[in-house]
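Given next are the chains, with one letter for each unit.
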Amino acid sequence: YKLSVSPEMDIMEYCRKEWRGNTPAAKRMRKGYEAVAQKFASIRRIRGDNYCAFRATLFQALSQATQLPRWLQSEDFTMLPENLLSKYDWIKQWQLRQKPGKRMGEIRDEIKEYLILLRQKWKYISEIKGSLEKQEACDKLFKNEEEEYSLYEALKFLMLNTAIELYNADKSGKRVPVFSWLLFARDTSSNPCQLMHNHLNHIGHSGGLEQVEMFLLAYALQYTIQVYRLYKYSTDEFITLYPNDPEEDWPVVTLITEDDRHYNIPVRMCQETML
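Residues numbered from 1 in each chain as written. Predicted model: local features only at pLDDT ≥ 70, side-chain atom pairs only at ≥ 80, totals over all residues. Heavy atoms only, no water.

- Naming follows an unreviewed UniProt entry, where the protein appears as OTUL thioesterase of Urocynchramus pylzowi.

Here is the structure:
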C-alpha cells in the first residue's frame, strides 16, 4: 500500500538525497530547493499516479481551509450533473473511474454523490479549529482510497463545467482569460466535448494534467495555484501562478515540481516568511 501523502521531511535533506550529482541539472535543482527552503521548512511527497496534481492541490487547499468556498455553498451546486446532462448529451460518455460504459442516470447520480462528498469533506475540515487536528483529518482523508478518488472525479467534473462556461462566454463575445483560448486552440480540444473525450477522461488513467489544464483547475476551484518549477530556476518561470492574473480574494496553494509532471507540496512556512 502506498501512502498518498508521505510524512514531512526536511526540504534540504530531501534535496540532498534526490540530487547528489554534479550535473548542471542537479546543481539547478539544488539551487531551486534552496530558494524554496527560504520560505518553507519541509516537503511532503505526493504519490505519483497521474492524479498527483489533483492530490497536491486538494490536500493543500483542505489543510488550510477555514471556510467553505462560495461556489460550494450554492444551492444548485449538486444539481450540476443533472443540469449539464440535460443540455449536453455527449456528457453521457463521461468516463467514471474503473467503470467504463455506465448509463446516463448512473453517471448523473454517481457524480452528484462525488460533489456532495466534496462539499461534506470541505465543510468538515474547514470547521476544525486546531491546525494539528486539521492536519490529522486531511491525512486520514487521503488514506481512504475510495473517498480520495471520488473527490478527484468531482474535481474533473468541475473542470468540465468551467470549460463549458468559458467556451460559451467566448462564443457569445464575452471576455475570457487567455488560457481559455489556448485550451480550445489545441487540435485535441477545440470544444468542451473534445476536451472531455481526449483529456479529462484520461486524467488519472493514462495521463496527468497538462500546463493549460492547471489553469482550468485553478479556475474551477477559484484558487491561485503557485508552483515552484525547479527546473526553471533562475528564469521568469521559476515561480508560476495559475492563473497569472489571479483574483485578489482567491486563496493561494503552493506546490513544487521538478518537471511539470509530478507535484509535491512544501509545508511549514518559515517563521520570518509568516511575519
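1. Considerations on the nonpolar core
Consideration 1: Of all hydrophobic cores here, the largest spans 78 residues; its most connected members are Ile91, Trp94, Leu118 and Trp122.
Consideration 2: Element by element, the count of residues in this core is highest for helix α8 (residues 145–171), at 13 residues.
Consideration 3: When neighbours within four sequence positions are excluded, Trp94 is seen to be in contact with Ile107, Ile111, Glu153, Lys156, Phe157, Leu160, Met196, Leu200 and Asn201.
Consideration 4: Listed in part, the 13 residues of the second largest apolar core include Ile11, Tyr14, Phe238 and Ile256. (Core = buried A, V, L, I, M, F, W, Y, C linked by side-chain atoms within 4.5 Å. Buried < 20%, exposed > 50% of the residue type's maximum accessible area, 1.4 Å probe, protein only. Helix = DSSP H or I, 4+ residues; strand = E, 2+ residues; numbered from the N terminus. Contact = heavy atoms within 4.5 Å.)

2. Overview of the layout of surface pockets
Consideration 1: Estimated volume of the largest pocket: approximately 720 Å³.
Consideration 2: If you trace the largest pocket, you find 20 residues lining it, with Ser63, Gln135, Val267, Arg268 and Met269 closest to the centre.
Consideration 3: Ranked by residues supplied to the lining of the largest pocket, first place goes to helix α7 (residues 131–141) with five residues.
Consideration 4: Tallied by class, the residues present in the lining of the largest pocket amount to eight nonpolar, seven polar and five charged.
Consideration 5: Volume-wise, the second largest pocket comes out at about 450 Å³. (1 Å grid on protein atoms, 1.4 Å probe; cavity = no way out; pocket = protein on both sides within 12 Å on 5 of 7 lines; lining within 4 Å. Points joined across faces, edges and corners; volume = space filled by probe spheres on them. Nonpolar A, V, L, I, M, F, W, Y, C, P; charged D, E, K, R; others polar.)

3. Regarding the sheet that holds strand β5 (residues 252–257)
Consideration 1: Read from one edge to the other, the open sheet built from six strands follows the order β1-β2-β6-β5-β3-β4, with strand pairing classed as mixed. In this open sheet, the two strands that pair with only one neighbour each are β1 (9–10) and β4 (239–242).
Consideration 2: In this structure, strand β3 (residues 224–229) lies alongside β5, joined through six bridges in parallel fashion. Residue pairing for β5: Ile225 is matched across the bridge by Val253. (Pairing = 2+ DSSP bridges.)

4. Considerations on the UniProt feature "site: Linear diubiquitin binding" (unreviewed entry) in the protein
Consideration 1: This chain's UniProt record puts "site: Linear diubiquitin binding" (unreviewed entry) on Glu237.
Consideration 2: Its location among the elements puts Glu237 in the loop between β3 and β4.
Consideration 3: Judged by its relative accessible area of 39%, Glu237 falls in the partly exposed class.
Consideration 4: Aside from chain neighbours lying at most four places away, what touches Glu237 is Arg229 and Lys232. (UniProt positions renumbered as here; feature names shortened; annotations may be inferred.)

5. Side note on helix α3 (residues 52–63)
Consideration 1: Taking 1.5 Å per residue, twelve residues should reach 16 Å; α3 reaches 16 Å between its end C-alpha atoms and fits that length.
Consideration 2: Among the twelve residues in α3, twelve count as buried, and that is most of the element.
Consideration 3: The set of residues buried in α3 consists of Cys52, Ala53, Phe54, Arg55, Ala56, Thr57, Leu58, Phe59, Gln60, Ala61, Leu62 and Ser63. (Expected span 1.5 Å × (residues − 1).)

6. Let's talk about the pairing of β5
Consideration 1: Counting buried positions along β5 gives five out of six residues, so the element sits mostly inside the fold.
Consideration 2: Relative to strand β6 (residues 263–269), β5 is paired through two bridges, and the arrangement is antiparallel. Looking at the pairing, Thr257 lines up with Tyr263 of β6.
Consideration 3: The loop that links β5 with its antiparallel partner β6 comprises five residues; one of these, Asp260, has a positive phi angle of about 65°.

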